[in-house]
Amino acid sequence: MSALLIADRYRIEGRLGSGGMSTVHLAFDERLERLVAVKLLAEHLADDPAFVSRFQREALAAARLIHENIVQVFDSGLDEDTDQHFIVMEYIEGQSCAEILRARGWLPSEEALPIILAACAGLDYAHRKGVVHRDVKPGNIMRGNDHRVKIADFGIAKATEQSSITQVGSVLGTAAYLAPEQGRGDEAGPPADIYALGVVTYQLLSGRLPFEGASLTELALKQQNEQPAPLDKLVAGVTPELAAAVAVALRIEPALRYPTAVEMGRALEDGAKGIPPGAGAAIVPPLPGAAGAPTTVLSGGETTRISPAVAARAPRVGPPRQQPVHAHSPQGESARRQPGIGRPRTDTRRLIAVLAGIVAVVVVAAVLILSLGGGGGVSLQQNWSSNAPTAVQQMQSLVANNQQ
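Model, not experiment: these values are computed from the prediction.

Cut-offs and rules
- Residues numbered from 1 in each chain as written.
- Predicted model: local features only at pLDDT ≥ 70, side-chain atom pairs only at ≥ 80, totals over all residues.
- Heavy atoms only, no water.
- Buried < 20%, exposed > 50% of the residue type's maximum accessible area, 1.4 Å probe, protein only.
- Helix = DSSP H or I, 4+ residues; strand = E, 2+ residues; numbered from the N terminus.
- Pairing = 2+ DSSP bridges.
- Salt bridge = Lys/Arg side-chain N within 4 Å of Asp/Glu carboxyl O.
- Axes fitted to C-alpha atoms, helices over the stretch in contact; angles between N-to-C directions.
- Contact = heavy atoms within 4.5 Å.
- Nonpolar A, V, L, I, M, F, W, Y, C, P; charged D, E, K, R; others polar.
- Core = buried A, V, L, I, M, F, W, Y, C linked by side-chain atoms within 4.5 Å.
- Parallel < 35°, antiparallel > 145°, perpendicular 65-115°, else oblique.
- Left-handed = near helix turned anticlockwise from the far one by under 90°.
- pLDDT = per-residue confidence, 0-100.

## Quick look at the pairing of strand β3 (residues 22-29)
Successive residues of a regular strand alternate their side chains across the two faces of the sheet.
Then step 1. Burial analysis of β3 places six of its eight residues in the buried class, which makes it a mostly covered element.
Then step 2. The pairing of strand β2 (residues 10-18) with β3 spans seven bridges and is classified as antiparallel. Bridged to Y10 within β3 is D29.
Then step 3. Bridging between β3 and strand β4 (residues 34-41) involves eight bridges; their strand directions are antiparallel. Counterpart to A27 in the pairing with β4 is V36.
Then step 4. The antiparallel pairing of β3 with β4 creates a hairpin that spans four residues between the two strands, and E33 there sits at a positive phi of about 55°.

So, in structure tokens, the structure goes:
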């Protein structure tokens, strides 16, 4: 096998791993003189024309994803000598999360979270480019020896979904990471990737899966009828806020999960600091394509649309309750020292009352002068000052002038 050449260019040097759909080999690119990973698809997949056509389209889409947290696809095609379909990818010298879990069982949050946050960044980029992974699992998340984290195998799962070949072993092997809507046969979108990454997060932090079943039916029933054990009850180093943040990604309804992978990353990061998910803004994810839905503001200043049905199910978040400030508390002392805080605004009302009194006095004075037979008529000043003391002086002068 070491002398095998794929596409007259990639010299196979050793096997890196295998699965139900493919075998991955370490190879040397003789043209560019670099190490690469070559994935040879299982021979029985090549017998399905629908799969081959779809695989070619998805491989092209995956090759356009260029991001620091996504394994780069360099080449793909059919090797005519071996009649095998192949994908040539960036070689990551390191371990997959599946290998890490087998070796260590679980990871402390300070080590697991950087892996998940990097995966969130890669998924968010792919989703914005219109590409859904559909098979996020520990085996497809790589951590290099330089601690760079990359997601592998974009596009392959989508190509397999509509294949006429039943991949029983493959499905059962990754069933724990399938979102409930995938188990129902619905089209998988970005929320399915977020659910799967939530399962990976749960597993990395605790060493166990949130749901386990011997069959797809048993797993689906557990997803619908049970709640996974809270992570903070399983792992001493996990905060309740972090456990709650992971639980949002594992919600049964896709519309109630995080609206984007980057929002998931922010919530997990906040949860590790003791900040609950959605603090300061309700996490109410959008329904894709919901036109005319109301808009809610998410953390970070972003906006998204939600449907009335989702808005009705979401907890109502009102303005924060005003806490009373006691006079002898530091807050009360500070309020007394600051102008305009804790003091009623009565200046305007006081001025109005004074001016009303002035007018009344002037009217009374005019009536008295007329009743005493004063000559000449009464002269009333037309323009009154808005300053109360000045207005009083003007009134006194007016009365004196009319008494002469």
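That was the structure; now back to the text.
## Section: the pattern of salt bridges
Then step 1. Per the stated rule, a full pass over the model turns up 16 salt bridges.
Then step 2. Here R11 and E13 are joined by a salt bridge, their closest N and O atoms 2.9 Å apart.
Then step 3. On the basis of relative accessible area, R11 is assigned to the partly exposed category, the value being 26%.
Then step 4. Assessed through its relative accessible area of 39%, E13 is described here as partly exposed.
Then step 5. The partner of D146 in a salt bridge is R148, and the shortest N-O contact between them spans 2.6 Å.

## Considerations on the packing of helix α7 (residues 190-206) against helix α10 (residues 240-249)
Relative placement of two packed helices is described by the angle separating their axes and the distance separating the axes.
Then step 1. Between α7 and α10, whose axes approach to 8 Å, the crossing angle comes to 145°. Contacts from I194, Y195, G198, T201, Y202 and L205 of α7 reach α10 at L242, V246 and A249.
Then step 2. Of the residues belonging to the contact of α7 with α10, the class tally is seven nonpolar, two polar and no charged.

## Concerning the pairing of β2
Then step 1. By the bridge criterion, two bridges tie strand β1 (residues 5-6) to β2 in an arrangement that is antiparallel. Across the sheet, I6 pairs through a bridge with Y10, a residue of β2.
Then step 2. Joining the antiparallel neighbours β1 and β2 is a turn of three residues, in which A7 adopts a positive phi near 55°.

## As for the nonpolar core
Then step 1. Among the nonpolar cores identified, the biggest contains 74 residues, and I141, F154, L197 and L204 are the most heavily contacted of them.
Then step 2. When sequence neighbours within four positions are dropped, the list of residues in contact with I141 reads Q95, S96, C97, I115, A119, V136, V149, K150, L197 and V200.
Then step 3. In terms of nonpolar packing, the next biggest core, distinct from the first, is built from nine residues, I12, L40, F86 and V88 among them.

## Remarks on the packing of helix α3 (residues 109-128) against helix α11 (residues 261-272)
Then step 1. Between α3 and α11, the least distance of the axes is 7 Å, while the angle of their chain directions is 160°. Accordingly, the angle class assigned to the pair α3 and α11 is roughly antiparallel. Regarding α3 and α11, the two cross each other, and that crossing is left-handed. Note on element contacts: α11 touches α3 through A261, V262, M264, G265, L268, E269 and A272, opposite L113, I116, L117, C120, L123 and D124.
Then step 2. By residue class, the composition of the contact of α3 with α11 is ten nonpolar, one polar and two charged.

## Focus on the confidence of the model for the protein
Then step 1. Looking at the protein, pLDDT values average 74 and 63% of them are 70 or higher.
Then step 2. Note on residues 162-173: pLDDT under 50 across the span, and 16 contacts to partners over four residues away in sequence or across chains.
Then step 3. This model gives residues 284-346 a pLDDT under 50, and the stretch forms 65 contacts once residues within four places in sequence are excluded.

## A closer look at unusual backbone geometry
Then step 1. The residue A7 is not glycine, and still its phi comes out positive at about 55°.
Then step 2. With respect to the secondary-structure elements, A7 resides in the loop between β1 and β2.
Then step 3. On the accessibility criterion, A7 (31% relative accessible area) is partly exposed.
Then step 4. Non-glycine residue R134 carries a positive phi angle of around 75°.

## Looking at the sheet that holds strand β8 (residues 141-144)
Then step 1. Reading across the sheet, the three strands line up as β7-β8-β9 and stay open at both edges, with antiparallel pairing between neighbours. The open sheet has two edge strands, β7 (94-96) and β9 (149-151), and neither has a second partner. Ignoring which end each strand starts from, the neighbouring axes of this sheet average 25° apart.
Then step 2. Across three bridges, the pairing between β8 and β9 is antiparallel. Looking at the pairing, M142 lines up with K150 of β9.
Then step 3. Where α3 meets the sheet, it contacts β8 and β9, and its direction lies at approximately 45° from that of β9.

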